[in-house]
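# Working through the structure, step by step
The primary structure of each chain is shown beneath.
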Amino acid sequence: MPAFLIALFCLFLVACGPPSDSPEYKIEQLSSKIEDEPENPTLHYDLGKAYIEKKKYRSALKSLIEAIRLKEDYGDAYREKGIALFYLKKYFDAEKALNKSFSLNPTNADIATDLGSIFIATGKVKKSLRFLKIAQTRNSNMHVVFNNMGAAHAEIGQNKQAINYWEKALEHHPFMAEIHINMGVVYERMRKKKKAMAAYQKALKEDPQNPMVHYNLGVIYAKNQDMAKAVESWEKALKLDPKDDKTLASLGLAYEQLGEKNKALKKILKAIKLEPFNYQTHYAAGRIQSDLGDFERATESLKKSVHLDPEFGDAYYRLGIVYDNLNEGNDAISNTLIAEIIFHKKKKMELFNKMGGHLKSLFDKYQLNRKDFKELQLPDTLKGYDLHKKPKRIRTFKEKKNN
């Protein structure tokens, strides 16, 4: 069964504050003013904030870059630039912008909180905790601080501490669906599926339009082998967020398991358009195309998969099958030989032995043998790997002493 993954934690950045006018009105007014005062950095900054409020992050980024160009030490603009980059999932660029903002405004607790979120996203959990502790001592937006503290502790496997922080966050803001989602993620990791399901149900009660809740519920259904309910949840998630590649890929795998392969392939190909660098999704496309008898397209998809991950044994094995169906014996055997080496290297001995049996039938079919593949073209990471080399035995202290 393919791996269906729970979505990662909801991280918060501190909101700009309650909106006074509608974002559309502010954008219209500010755009008009900028026509009269194009060199006014404050107008560009305010326009960037309005775009963030409207969730138009690319437009926001453009305005904030212009504000910073006009005023190089504009700390607030750097902060909003970091927020826009965060929501565009450009986490390392967001980190740079927020670091700059904090260096210009080191007493601002909200920037420390935002940096805490960014450092979790970039995998720098220790730094995250340091900045979140700074924010905690300044007693600002504590529901956000405690939520992100929980996410940071969960990232390093401290699940009980994470739950404790999220309970504190709910004391400050009891109606935040995202906090219940985070608790569900950790309960699922702890294999407490009933508690995970209860947390997601609470999240749905607070925010039935949250796509992440529906997505994660679908994962639990899939792990319980209830693919029909999984599909139902993921279709709801997709309706709420049509451009989420993870939901599309999961739906594709689910439809594949339900035997609806044409529908599965459509979802997978849409996922690839949104995220073209996921080797697993290209592999899924190739596998389904192969099953549907479209071997030419399957070859293209599987080649993309191994290009993105040169040690993905399953994709090489499937390529071997596809080439065999096309009666291209040399390519069929070459890819299966590479799969064999990869499975041996990764100590997947059951699959390694399976390759041996499969190769025997291919050698018989095409009247070839291993000697014919001495010049096999291997990925760089496999060059020089000796399939038949015995692993070194670690000698005991007594044996070393006797020598």
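First, a word on scope: everything that follows refers to the structure included in this document.

Reading the values: the criteria
Residues numbered from 1 in each chain as written. Predicted model: local features only at pLDDT ≥ 70, side-chain atom pairs only at ≥ 80, totals over all residues. Heavy atoms only, no water. Phe/Tyr/Trp six-rings, centres within 6.5 Å; stacked < 30°, edge-to-face > 60°. Helix = DSSP H or I, 4+ residues; strand = E, 2+ residues; numbered from the N terminus. Buried < 20%, exposed > 50% of the residue type's maximum accessible area, 1.4 Å probe, protein only. Axes fitted to C-alpha atoms, helices over the stretch in contact; angles between N-to-C directions. Parallel < 35°, antiparallel > 145°, perpendicular 65-115°, else oblique. Left-handed = near helix turned anticlockwise from the far one by under 90°. Contact = heavy atoms within 4.5 Å. Nonpolar A, V, L, I, M, F, W, Y, C, P; charged D, E, K, R; others polar.

### A few points about the packing of aromatic side chains
Within this structure, the stated rule accounts for 11 aromatic pairs. For the ring pair Tyr57 and Tyr87, a centre distance of 5.0 Å and an interplane angle of 20° mean the geometry is stacked. A residue pair is termed long-range when its members are at least 10 positions apart, and Tyr57 in helix 3 (residues 57–70) and Tyr87 in helix 4 (residues 75–87) qualify at 30 residues. Residue Tyr57 is classed as buried on the basis of its relative accessible area, which comes to 15%. Classification of Tyr87 by relative accessible area gives partly exposed; the value is 36%. Here the aromatic rings of Phe119 and Phe131 are separated by 5.5 Å at their centres, their planes lie at 35°, and the arrangement is tilted. Pair noted here: Phe119 is in helix 6 (residues 109–121) and Phe131 is in helix 7 (residues 125–137), with a separation of 12 residues, a long-range link. Within the aromatic cluster, the residues linked to one another by ring pairs are Tyr57, Phe86, Tyr87 and Tyr91.

### With respect to the packing of helix 8 (residues 142–155) against helix 9 (residues 159–172)
For any two helices packed against each other, one specifies the inter-axial angle together with the distance between the axes. The interhelical angle for the contact between helix 8 and helix 9, taken along N-to-C directions, is 170°, at an axis separation of 8 Å. As judged from the angle between their axes, helix 8 and helix 9 are roughly antiparallel. Here helix 8 runs over helix 9; the crossing is left-handed. Together, Met142, His143, Phe146, Asn147, Met149, Gly150, Ala151, His153 and Ala154 of helix 8 and Asn159, Gln161, Ala162, Tyr165, Trp166, Lys168, Ala169 and His172 of helix 9 make up the contact between the two elements. Here the contact of helix 8 with helix 9 is composed, by residue class, of 9 nonpolar, 7 polar and 1 charged.

### Structural notes on the packing of helix 13 (residues 227–240) against helix 14 (residues 245–257)
Relative orientation of the contacting elements helix 13 and helix 14 amounts to 150°, with a least axis distance of 10 Å. By the angle between their axes, helix 13 is roughly antiparallel relative to helix 14. Crossing of helix 13 against helix 14: the hand is left-handed. Mapping the contact onto sequence places Met227, Val231, Trp234, Glu235, Ala237 and Leu238 in helix 13 and Thr247, Leu248, Ser250, Leu251, Ala254, Tyr255 and Gln257 in helix 14. Looking at the contact of helix 13 with helix 14 residue by residue, the classes come out as 9 nonpolar, 3 polar and 1 charged.

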